[in-house]
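In case you want the letters, here they are:
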Amino acid sequence: MKIGILGGGQLGRMLIQEALKYDDEFYTLDPAPDAPCHNISYFTQGNFNDYETVLNFGKDKDVVTIEIEHVNADALSELENQGIKVVPNSNIIKTIQQKILQKQFYKAHDIPSPEFEVMDGSSDEIKMPLPFVQKMNTGGYDGKGVQVIRTAEDMKNLWTQDSVIEKLVDIDKELSVIVARNENGETKTFPVTEMVADPKLNLLDFNICPVVLSDDIEEQINFITEKFLNAINSPGLFAIELFLDKEGKVWVNETAPRLHNSGHQSQEGNANSQFEQMYRVVKNLPLADTDAIIYSGMLNLVGAEGYSGKVIYEGMEEVLRLPETYIHLYGKTETKPGRKMGHINVLAESREELMEKLVMVKGMVRVIAE
């Protein structure tokens, strides 16, 4: 099959790396000439937000998918009209890429999500009491487009554009669950992952899987995943990001209609990875076993503060000497502060051992520049 991917970043790269053991042709579209997929696929440099570019890219493919949701969904809808398979379908991409529609989707389908209101570019009508979270309607990514407004003084920083104003949850844990559905309606769910964020960068720092949860919390998450899978009416792989509050209630933060950073540890820690699962979804094959086979975790390799330019990875030789430790680099030649350059997966026999190893490895590696 000719499989087209909108976006040529690391998620597409790892999907292609996993799928190279099968017989397909992979085509990618990305505006950056040196995108991570440029040298492992049939690469087209172009804007995946441009209607004509996406239409021309997809018209001769058997199936088109995404590795970033900020794409031209209208062009994907037209490709569907022309008989091209799009995974996930254009309707669910349109819904998820707009935070307002996404929140309304949860409300309409009785999926627990924090209380919200819509701001249409003016702060005058906000009824939500402080503190609250503001999420830009479109374009947010990797911690951008989200801010917490805690005080009356913070109100001066409010973005005056279409946004979701959301009640601030008193968070105990941030969790993620990756679910998959193929065209035949078969579904599979990966074990729940705990996400530990870097408070300064607002980026994912560690993944920890599996997470020990009470029966009640497990039931809440199962309820959410079943509701979501029944509501989407589309094949796809979806990362549902969750908040567990301090009273034991689970809320949906947001959903990514694609491969996700919170599933990277599945490459070595699960019977099959999220990338294998995504390939099977795109091809409408039987879905893969998702069981966790051991405790696994991931840490992001992020550009260090104060360094921009040609990347140097300090400490990699020491990491390569460690057992059950796996390096994944993204093929990015230029680093800058906060840029995701790769990740390291770690396996362990217990959560305690896993956390010790993750903290140790994080202290061994720095992403700097020449």
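Since we're looking at a predicted model, the values are computed, not measured. (Residues numbered from 1 in each chain as written. Predicted model: local features only at pLDDT ≥ 70, side-chain atom pairs only at ≥ 80, totals over all residues. Heavy atoms only, no water.)

K.L.:
Talk me through the nonpolar core; I want residue IDs and the actual numbers.
P.N.:
Membership of the largest hydrophobic core comes to 25 residues, with the highest contact counts inside it found for Leu15, Phe26 and Leu259. Looking at this core, the elements that each hand over two or more residues are β1 (2-6), α1 (10-19), β10 (171-181), β14 (236-245) and α8 (274-283). Those residues in contact with Phe26 that sit more than four places away from it in its chain are Ile3, Ile5, Ile16, Ala19, Ser41, Tyr42 and Tyr279. Judged by nonpolar contacts, the second largest core, of 24 residues, contains Tyr106, Val179, Val211 and Ile240. (Core = buried A, V, L, I, M, F, W, Y, C linked by side-chain atoms within 4.5 Å. Buried < 20%, exposed > 50% of the residue type's maximum accessible area, 1.4 Å probe, protein only. Helix = DSSP H or I, 4+ residues; strand = E, 2+ residues; numbered from the N terminus. Contact = heavy atoms within 4.5 Å.)

K.L.:
With reference to specific residues and values, describe the packing of helix α2 (residues 51-58) against helix α3 (residues 73-81).
P.N.:
It is at 8 Å that the axes of α2 and α3 come closest, and there the two elements cross at 35 degrees. Handedness of the α2/α3 crossing: right-handed. Facing Tyr51, Val54, Leu55 and Gly58 of α2, the residues of α3 in contact are Asp74, Ala75, Leu76, Glu78 and Leu79. A breakdown of the residues in the contact of α2 with α3 according to their chemical character gives six nonpolar, one polar and two charged. (Axes fitted to C-alpha atoms, helices over the stretch in contact; angles between N-to-C directions. Left-handed = near helix turned anticlockwise from the far one by under 90°. Nonpolar A, V, L, I, M, F, W, Y, C, P; charged D, E, K, R; others polar.)

K.L.:
An account of the packing of aromatic side chains is requested, with residue identities and associated values reported.
P.N.:
Each aromatic ring pair is described using two quantities: the centre-to-centre distance and the angle formed by the ring planes. One pass over the structure, following the stated rule, counts five aromatic pairs. Look at Tyr22 and Tyr279: their rings are 4.5 Å apart centre to centre, the planes differ by 0 degrees, and that puts the pair in the stacked class. Linking Tyr22 in the loop between α1 and β2 (25-30) with Tyr279 in helix α8, this pair joins segments that are 257 residues apart in sequence. Judged by relative accessible area, Tyr22 falls into the partly exposed class, the value being 29%. Given the relative accessible area of 3%, Tyr279 is considered buried. When the centroid spacing of 6.0 Å and the interplanar angle of 65 degrees are considered together, the rings of Phe105 and Tyr106 count as edge-to-face. Accessibility assignment for this pair places Phe105 and Tyr106 in one class, buried. (Phe/Tyr/Trp six-rings, centres within 6.5 Å; stacked < 30°, edge-to-face > 60°.)

K.L.:
An account of unusual backbone geometry is requested, with residue identities and associated values reported.
P.N.:
Here the bond from Leu130 into Pro131 is cis, since omega is -5 degrees, no more than 30 degrees from zero. Tracing the backbone shows Pro131 in the loop between β6 (116-120) and β7 (132-136). The linkage connecting Cys209 with the following residue, Pro210, adopts the cis geometry, with an omega of -5 degrees. Turning to its location among the elements, Pro210 is positioned in the loop between β13 (203-209) and α6 (215-232).

K.L.:
Give me the lowdown on the sheet that holds strand β21 (residues 366-369), citing residues and values where you can.
P.N.:
Pairing in this open sheet of three strands is antiparallel, and the strands run β19-β17-β21 from one edge to the other. Because the sheet does not close on itself, it has two edges, and the strands there are β19 (334-335) and β21. Pairing of strand β17 (residues 309-314) with β21 involves four bridges; the strand directions are antiparallel. For Val311, the partnering residue across the bridge sits in β21 and is Ala369. (Pairing = 2+ DSSP bridges.)

K.L.:
Can you break down the pattern of salt bridges residue by residue, with the values?
P.N.:
Pairs may arise between side chains of opposite charge once their charged atoms sit close together. The final tally for this structure, using the stated rule, is 20 salt bridges. The partner of Lys61 in a salt bridge is Asp60, with the nearest N and O atoms 2.7 Å apart. For Asp60, a relative accessible area of 43% gives the class partly exposed. The salt bridge partner of Lys135 is Glu166, with a shortest N-O separation of 3.2 Å. (Salt bridge = Lys/Arg side-chain N within 4 Å of Asp/Glu carboxyl O.)

K.L.:
Break down the UniProt feature "binding site: ATP" (unreviewed entry) in the chain for me, with residues and values.
P.N.:
Under the UniProt annotation, the feature "binding site: ATP" (unreviewed entry) is placed at Lys99, Lys135, Glu166, Lys167, Leu168, Val169, Glu174, Asn253 and Glu254. Among the structural elements, Glu166 can be located in strand β9 (residues 162-167). Glu166 gets classed as buried once you look at its relative accessible area, which sits at 2%. Discounting chain neighbours no more than four positions away, the residues touching Glu166 are Lys103, Pro114, Glu115, Phe116, Met128, Phe132, Val133, Lys135 and Asn253. (UniProt positions renumbered as here; feature names shortened; annotations may be inferred.)

K.L.:
How would you explain the packing of α1 against α8 if you had to name every residue and give the values?
P.N.:
Where α1 contacts α8, the axes come no closer than 9 Å and their chain directions differ by 80 degrees. Classified by the angle between their axes, α1 and α8 sit roughly perpendicular to one another. Residues Leu11, Met14, Leu15, Glu18 and Ala19 of α1 touch α8, and the partners they reach there are Phe275, Glu276, Met278 and Tyr279. Of the residues assigned to the contact of α1 with α8, the class counts are seven nonpolar, no polar and two charged. (Parallel < 35°, antiparallel > 145°, perpendicular 65-115°, else oblique.)

K.L.:
Go over the environment of Asp162, please, and point to the residues and values.
P.N.:
Relative to the helices and strands, Asp162 resides in strand β9. Sequence-wise, Asp162 and Asp34 are 128 residues apart; in three dimensions their C-alpha atoms are separated by 33 Å. Among all residues touching Asp162, those that are not within four sequence positions of it are Ile100, Met119, Asp120, Gly121, Met136 and Asn137.

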